[in-house]
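Residues per chain are reported as follows:
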Amino acid sequence: MAAALALGNVGCQTETKPGGTEPRVRIDAERYRVDLFEDDHALGGEQPLVTVVVFTDYACPPCGRTWQVMDHLVEDYGADLRVVYRAYTVPGFGRGEQAAEAAYAAGAQGKFWDMHRRLFAQGGQFDRPTLRALAEELGLDVPRFLDDIDTGSHSGQRVRHRRQAKALGVTGLPASFVNGLYLPGYADEAAWHGVIDEEIRRARGLLAQGTPRAQVYEAFMKSASTKQVGSAPGEQALREELAAKPNVSATPKRLTPPDPSKRYSVRVGDALAAGAEDAPVEIVMFFDFRCPFCRRAWQQELGVLVRSQPEGIRLGVRQLPLEIHPEARGAALAGLAAARQGRFWGMFDALVEHEGPLGRSDFMAYAKALELDLERFGSDLDDPGLAEQLAADVALADRAGVTGTPGFFINGRYISGFNPGALSRMIEEEQAVAQERIDSGIPRHQVVDAILQDAAPLPGGGSPQPANGIPSPADGLPPAGGAP
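> Which parts of the structure should I look at to understand the sheet that holds strand S12 (residues 413-416)?
Adjacent strands of a sheet pair through backbone hydrogen bonds, lying either parallel or antiparallel. Taken together, the 5 strands give an open sheet; going across it, the order is S8-S10-S9-S11-S12, and neighbouring strands pair in mixed fashion. Each having just a single partner strand, strand S8 (272-274) and S12 make up the two edges of the open sheet. Across the sheet, the axes of successive neighbouring strands diverge by a mean angle of 20°, strand direction being ignored. In the packing of helix H15 (residues 384-400) onto the sheet, contacts are made with strand S9 (281-287), strand S10 (313-319) and strand S11 (407-410), and the angle to S10 comes to roughly 105°.

What follows is the structure in structure tokens.
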């Protein structure tokens, strides 16, 4: 039998061992420096002859198949092999980041590999109820596990791994480095045996020259290149496999930002809202509870304006938790869960005012202070329907071209970020435009419709409103300082 495995832009070739038919892989490729970290999760020997570092996304099917092979190889080679986990997600694909942090959170309780294998078995289903069920199945301290995910306790590891992958030039998944040799894509077990056997032969040569076994990997790294690898031959196959799956993008999102000189039909619709329904000025705010600029925009300017003009301004909130703020997704869900009991704005103010780490225990404390039904609130936090509602807001942000927070559409005109005074000025301008329409005889409740009659299509295409159409009841906006 013959085994073949592509190595970077060069390759692996098979040759027959002297006196037999079993293939030996001859490797003529450059080694790349792949540093290890003290907090690495690894299978196999502590002083191995071969170290394999595998960059992985739990939402990537070929990655799952690769790790099945890794388990078999560790069983076959024992102490001679070490396999090291690295997190590297395909941008825009599934919930890989959340799954990776679930693995780290389980690892903090000594169950990394148990969670690792279960995550791959989920087939890309990483919603909160699923992760909670897996934690319960493993006998974890579930509140601690969920808090670790909500607060992003282990996001530093994930980000460090991502940076290493980018520094190496990794573009496709899975991506493996065998003693620094780059092996992109999936390969079968026979091919892996050929590569590892050859690396063991080379490692034994280092031992014969006096290299201590504990320093074999370091010896390979001494002469390793620090430049980037070439484009992965296996990348296109992965993209084709991902493209065949519904609702999956295998390529990074490249959003076209809104043109500030145009108006877009981004309406309050079924968003969590405050203010009169017939207000002549409509504001849609894309908000991240852990974004300092969002908080400043609300506390220093917009919150004051909306509270002081409840008849003239209608504000709708769309959730846009950014990846760089690991705690933001949990906070967004907490706001939506509170809205189901009519206390969105009380929770909103509490979350905006919160200082320091933020997690499930904080959400429950605020829910208690708001006199919510705590059992229902906790159940709603884990409800897939709430996650779908959040996803609909994020999808709307994509269609609208909103790439950061805060983002505001004021009667369809876009403002990105927080620049003190800019919101007030645009609101005043729109109030003047609205008054002209009212003076011309247009009924107050039709003013915004008239202003947006010739609105431009969204930069990202598609409907200007979320696809789920789930109504989100919210209480009225409390006075300043109205949070519990």
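> Would you mind showing me how to read the sheet that holds strand S6 (residues 175-178) here?
Judged by pairing direction, the sheet is mixed, and its 5 strands sit side by side in the order S3-S5-S4-S6-S7 without closing on themselves. What marks the edges here is a single partner per strand, and that holds for strand S3 (42-44) and strand S7 (181-184). Strand-to-strand twist in this sheet, taken as the mean axis angle between neighbours without regard to direction, amounts to 20°. Inspection of the sheet shows strand S4 (residues 50-56) paired to S6 by 4 bridges, in the antiparallel sense. Of the residues in S6, the one forming a bridge with valine 54 is serine 176. Packing against the sheet, helix H1 (residues 61-77) makes contact with S3, S4 and strand S5 (81-87), and its axis sits at approximately 155° to S5.

> Looking at this model, I keep getting lost on the pattern of salt bridges. Mind explaining?
As a working rule, side chains carrying opposite charge can pair if their charged atoms are close by. Following the criterion strictly, the structure yields 32 salt bridges and no others. One salt bridge connects arginine 201 with glutamate 198, and the closest N-O pair in it is separated by 2.5 Å. With arginine 201 and glutamate 198 both in helix H7 (residues 189-208) and 3 residues apart, this pair spans about one turn of that helix. According to the relative accessible area criterion, arginine 201 is partly exposed, its value standing at 43%. Assessed through its relative accessible area of 3%, glutamate 198 is described here as buried. If you follow the salt bridges from partner to partner, you end up with Arg128, Arg132, Glu136, Asp150, Arg360 and Asp382 in one network.

> Explain the side chain of aspartate 382 here, please?
The topology assignment puts aspartate 382 in the loop between helix H14 (374-381) and H15. What aspartate 382 contacts, discounting residues up to four positions off in sequence, is Arg128, Pro129, Arg132 and Arg360.

> Is there a simple way to explain the packing of aromatic side chains in this structure?
By convention here, two paired aromatic rings are described through the distance between centres and the angle between planes. In the structure shown here, the tally under the stated rule is 22 aromatic pairs. Relative to phenylalanine 177, the ring of tyrosine 32 lies with its centre 6.4 Å away and its plane at 80°, an arrangement referred to as edge-to-face. One end of the pair, tyrosine 32, is in the loop between strand S2 (23-27) and S3; the other, phenylalanine 177, is in strand S6, with 145 residues separating them in the sequence. Tyrosine 32 sits in the buried class, given a relative accessible area of 9%. Ring geometry for tryptophan 298 and phenylalanine 348: centres 5.0 Å apart, planes at 75°, overall edge-to-face. Here the residue tryptophan 298 occupies a position in helix H10 (residues 292-308), and phenylalanine 348 occupies one in helix H12 (residues 344-353), the gap between them amounting to 50 residues. The class for tryptophan 298 is buried, based on a relative accessible area of 3%. Overall, phenylalanine 348 belongs to the buried group, its relative accessible area being 0%. Three or more aromatic residues joined by ring pairs make a cluster, and in this case those are Tyr58, Trp67, Tyr85, Tyr104, Phe112, Trp113 and Phe120. A cation over an aromatic ring shows up here: arginine 65 above the ring of tyrosine 186, its NZ or CZ 5.3 Å from the ring centre. The ring of phenylalanine 293 carries the charged tip of arginine 296 above its face, separated from the ring centre by 4.9 Å.

About the cut-offs
- Each residue is numbered by its place in its chain's sequence as written, counting from 1.
- Side-chain atom pairs in this predicted model are given and counted only at pLDDT of 80 or more, local residue features only at pLDDT of at least 70, and totals for whole chains, interfaces and linings cover all residues.
- With hydrogens and water excluded, all non-hydrogen atoms of the structure serve as input to the side-chain values.
- Strands are treated as partners if at least two bridges between them are detected by DSSP.
- The helix count covers DSSP runs of H or I at least four residues long, the strand count covers runs of E at least two residues long, and both are numbered beginning at the N terminus.
- Fitted lines through C-alpha atoms give the axes, limited to the stretch in contact for helices. The angle between two N-to-C directions lies from 0 to 180 degrees.
- Here a residue-residue contact requires only that any non-hydrogen atoms of the pair lie within 4.5 Å.
- We define a salt bridge as a contact between a side-chain nitrogen of Lys or Arg and a carboxyl oxygen of Asp or Glu at a distance within 4 Å.
- For every residue, the accessible area obtained with a 1.4 Å probe (protein chains only) is divided by the maximum for its type, and the residue is called buried under 20%, exposed over 50%, and partly exposed between those limits.
- For Phe, Tyr and Trp, rings pair up if their centres lie within 6.5 Å, where Trp contributes its six-membered ring, and each pair is then called stacked (planes under 30 degrees apart), edge-to-face (over 60) or tilted (otherwise).
- Geometrically, a lysine NZ or arginine CZ counts as sitting over a ring once it is within 6 Å of the ring centre and also within 35 degrees of the ring normal.

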